[in-house]
Amino acid sequence: MPNRERRVRSASRRQFLKAAGAGVSALAGVPGAAKAFDLEEFFQGHFRELSPEEIEGVIRRLERKYSRKYGKPVTVDAVGPNDGVLFGYGLDISRCIGCRRCVYGCVAENNQSRDPQIQWIRVLEFERQDVVRRIDFEDGDAFYDHEQVPAEGKSYLPVACQQCENPECVKACPATATWQEPDGIVVIDYNWCIGCRYCMAACPYGARHFNWAEPGIPPEELNPNTHYLGNRPRPHGVVEKCTWCIQRSRHGRYPACVEACPVGARKFGNLLDPDSEIRYLMEHKRTFVLKAELDTKPKFFYFYG
Amino acid sequence: MKSITAFAFYSLKEMVRGGRAYYAWLVCLGVLIWIGVAGFQEQLLHGHIVSNMRDPVPWGVFIGTYAFLVGVAAAAMALAVPGYVYHWKPIKDIVVLGEIIAISAVIMAILFVMADLGRPERFWHLIPFLGKPNIPYSMIAMNVLILNGYLVLNVVIVFYFLYCSYADRPYNKPFFMTLMLLSIPAAISIHTTTAFIFNVLPARPYWNSAILVPRFIATALCAGPALMVLAFQALRKAANINIREEALQKIAEMMVIVLFVNLLLFFAEVVTEFRSATAHTVHMQYYFTGLEGHVDLVGWSWFGASCNVLAFLLLLIAKTRRNPITMNLACVLVFIGVFIEKGVGLVLPGFTPGALGGFYEYFPSRQELMICVGIFGVGTLVFTLLSKAAIPLTFSEPLEWDDQLRAEGSPKVAYRPDAVEP
């Protein structure tokens, strides 16, 4: 299973691509031409096969591009996974009030396009009894619109990427543009994705989203602290999704949704750390996952606190 | 080598040589292609937002038509089997034309995928050694590989056959027969992997069934020959060549059998789904009866199914099968019916209702339809040019007249058995 491979290098292919890129760039010459079609980006190899120096080159190029585009200094992090870490997420359904602050906090942190609108978290409203027996997604309403929440007799279920241990999207991707990192986060290389949207067909949770147009983010709303595999501004024509705020979690911080939640419904931590809150709730609460029969083995655990 | 260059020049000359009717036809195709280019330009400028695909239904008419065309391409094999395996003369003559249809269909299929990709310039990411194709897990990666292999195989077969015809040399029987026989499993594999693209996804229960593979093969073997019957009759008139009536009749007879299998598999699916009546039945319900007021596809589903049933009856009854008007009507109905089944009836109900519930009702946008028109124009142009060059070589000046034609008093040119005899 091509799940958590270590970085594999293919020297001859990298050399060829490097030479090809340098050669064509030299021929292209004109600085203005690069804006319409970035040759260096076109010939960029697969992220997992780049050397540390090549990655640095990519980072510098991207930081230059984003800083120029948004008129403020943007950093692109490429920090790898921490050893001994496998992230897990918990969500207390009995606490969620459907306020959607997580949705908007996520958008602010992760630089989703505002126009066209992309939201990584989808909050479904159910009749309370409909989440007791079995969750039938046909009964859920993602477009509830009340003056105040929680509405009487309703239950709320937020859904985003489940960061499956057996991810269908990773199997489906024809270009190997999406894979699972050693710390459990399923990531996408936006510079490698060909935009075929097969992963979107494969995902049972509707967690993946496509940039149908050039993303529209007002420069003043852009979060300039980005990660290459996470919240850096995406180009048009590629797929994106929740990465458990890889730019935060790999530095020991909570994802934005965890911090935004006003009722403490969201829990996050290291599954390999026996003292973590995620391990606590897995040992003391009755957790379940969505669509368990598909055996995707999600690391997103729902429970009733 | 000199001869190959001469052959290439001859073919190109033949493609541009023609009367007013021929050029009028080329101009019409040019207009269609121009429409497609205009639509594609809009898509390049604004992105796929000009389509009506969105996150809940990320695939639409492009992928549906892709699946349909791979089926048509696979059906060229339908001619190869009786022609070369059973050494049946009337069909042997037109196998090359069938292969040319396959080439045109594969080119169109590839163009539809390119039109669908968000980043088509990154297609090289799928090329082995250059890119990083996810083989063997990704069915799209497998399909792309096998489909291109099938294209190469067909091009080699057609090129070799026509070149030998041009250079008046007998073709190398073992080599040619191997290629022809290889094209049979190749054709089955291209369409099997296309079916696998859909049916290996546990997230989409409407597709996640083994029966999708034989259904794809069955519908392919219906639509491909139907197109061939229609195209060959058009060629017969336009190029004044002898495509024997018994060849067309044999194809029509074969279509009865595959149509029956298609209808049987369809019946099996419907009964299984509605009798089991699980939560997954919603997709088929949406397609045939509508759900919660969402009824956009209901007319299409019944129309498509009716086309298939009516076509089956028309071809089953000998009288209507032998009558050219009803036979051609049946072929048109089959083509439409299978297109609806594979285009509308496969992709859209698979995504509706969505993975987390919810309905997004899709219909192709203007730009998507323009691109479809353009790609069909390209495919028809490829077919026109290739058959224009091929026909004089496969249906060349006779050394002897066909008895049947002479009896009919027909001025049509017969085939030349010596040049193409294995």
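Residues numbered from 1 in each chain as written. Chains lettered and ligands numbered in written order. Predicted model: local features only at pLDDT ≥ 70, side-chain atom pairs only at ≥ 80, totals over all residues.

1. Points about the overall build of chain B
Regarding its fold elements, chain B presents 16 helices and zero strands. Radius of gyration (C-alpha) of chain B: 22 Å, near the 22 Å computed for a compact globule of 422 residues. Structurally, chain B occupies a C-alpha span of about 70 × 50 × 40 Å along its principal axes. A separation threshold of at least 6 residues defines the contact pool for chain B, and within that pool the share at least 24 residues apart is 76%. (Helix = DSSP H or I, 4+ residues; strand = E, 2+ residues; numbered from the N terminus. Rg over C-alpha atoms; globule rule 2.2 N^0.38 Å. Contact = placed C-beta atoms within 7 Å.)

2. Section: the overall build of chain A
The helix and strand inventory of chain A stands at 10 helices and 12 strands. Counting the 305 residues in chain A, one finds 44% classified as buried. Taking all contacts inside chain A whose residues are at least 6 apart in sequence as the whole, residues at least 24 apart take part in 66%. (Buried ≥ 20, exposed ≤ 12 C-beta atoms within 10 Å, placed from the backbone.)

3. Things to note about the interface of chain B and chain A
Every contact between the two is made by 38 residues of chain B and, on the other side, 43 residues of chain A. The leading source of residues in the side of chain B that touches chain A is helix 6 (residues 139-166) of chain B, at three residues. Class assignment for the residues of the side of chain B that touches chain A results in 20 nonpolar, 11 polar and seven charged. (Nonpolar A, V, L, I, M, F, W, Y, C, P; charged D, E, K, R; others polar.)

4. With respect to the pairing of strand 12 (residues 300-303) of chain A
All names here are of chain A. When strand 2 (residues 87-92) meets strand 12, the two strands line up parallel, connected through four bridges. Of the residues in strand 12, the one forming a bridge with Gly90 is Phe301. For strand 11 (residues 287-288) and strand 12, the ladder comprises two bridges, and the chain directions are antiparallel. Within the sheet, the bridge partner assigned to Phe288 lies in strand 12 and is Tyr302. (Pairing = 2+ DSSP bridges.)

5. Here's the deal with the sheet that holds strand 10 (residues 266-270) of chain A
Residues and elements named next belong to chain A. The strand order across the open sheet built from four strands is 10-2-12-11, with neighbouring strands paired in mixed fashion. Each having just a single partner strand, strand 10 and strand 11 make up the two edges of the open sheet. In the packing of helix 10 (residues 277-284) onto the sheet, contacts are made with strand 2, strand 10, strand 11 and strand 12, and the angle to strand 10 comes to roughly 110°. (Axes fitted to C-alpha atoms, helices over the stretch in contact; angles between N-to-C directions.)

6. A closer look at helix 4 (residues 52-70) of chain A
All names here are of chain A. Look at helix 4: 27 Å from first C-alpha to last across 19 residues, which is about the 27 Å you get at 1.5 Å a residue. Residues of helix 4 that are buried: Val58, Leu62 and Tyr66. Around the axis of helix 4, the buried residues are gathered within 60° of arc, so they sit on the same side. Exposed and oriented more than 90 degrees from the buried face of helix 4 are Glu53, Glu56, Arg60, Arg64 and Arg68. Those residues of helix 4 that are buried lie in contact with strand 1 (75-77). Remark: Gly71 follows helix 4 within two positions and exhibits a positive phi of approximately 70°. (Expected span 1.5 Å × (residues − 1). Arc of directions from axis to C-beta.)

7. Side note on the packing of helix 3 (residues 61-74) of chain B against helix 13 (residues 324-351) of chain B
Residues and elements named next belong to chain B. Packing of helix 3 against helix 13 brings their axes to within 8 Å, and their N-to-C directions diverge by 140°. Judged by the inter-axis angle, helix 3 sits oblique to helix 13. Where helix 3 crosses over helix 13, the two elements pack in a sense that is right-handed. Counting all contacts with helix 3, which are made through Val61, Ile63, Gly64, Thr65, Ala67, Phe68 and Gly71, the residues of helix 13 involved are Val338, Phe339, Lys342, Gly343, Val344, Leu346 and Val347. (Parallel < 35°, antiparallel > 145°, perpendicular 65-115°, else oblique. Left-handed = near helix turned anticlockwise from the far one by under 90°.)

8. Side note on the confidence of the model for chain A
Counting all residues, the mean pLDDT for chain A is 90, and 88% of those residues have values of 70 or more. This model gives residues 26-35 of chain A a pLDDT under 50, and the stretch forms three contacts once residues within four places in sequence are excluded. (pLDDT = per-residue confidence, 0-100.)

9. Here's the deal with helix 9 (residues 245-276) of chain B
Counted at 1.5 Å a residue, the expected span for helix 9 of chain B with its 32 residues is 46 Å, and the 46 Å between its end C-alpha atoms agrees. When we look at burial in helix 9 of chain B, the residues that qualify are Ala247(B), Leu248(B), Ile251(B), Ala252(B), Met255(B), Val256(B), Val258(B), Leu259(B), Asn262(B) and Glu273(B).

10. Brief notes about unusual backbone geometry
Residue Pro116(A) follows Asp115(A) across a cis peptide bond; omega there is 5°. You can see Pro116(A) is positioned in the loop between helix 5 (101-110) and strand 3 (122-127). That bond from Ile135(B) to Pro136(B) is cis: its omega, 0°, falls within 30 degrees of zero. Relative to the elements of secondary structure, Pro136(B) occurs in the loop between helix 5 (89-116) and helix 6. The phi angle at Phe129(B) is positive, at roughly 75°, despite the residue not being glycine.

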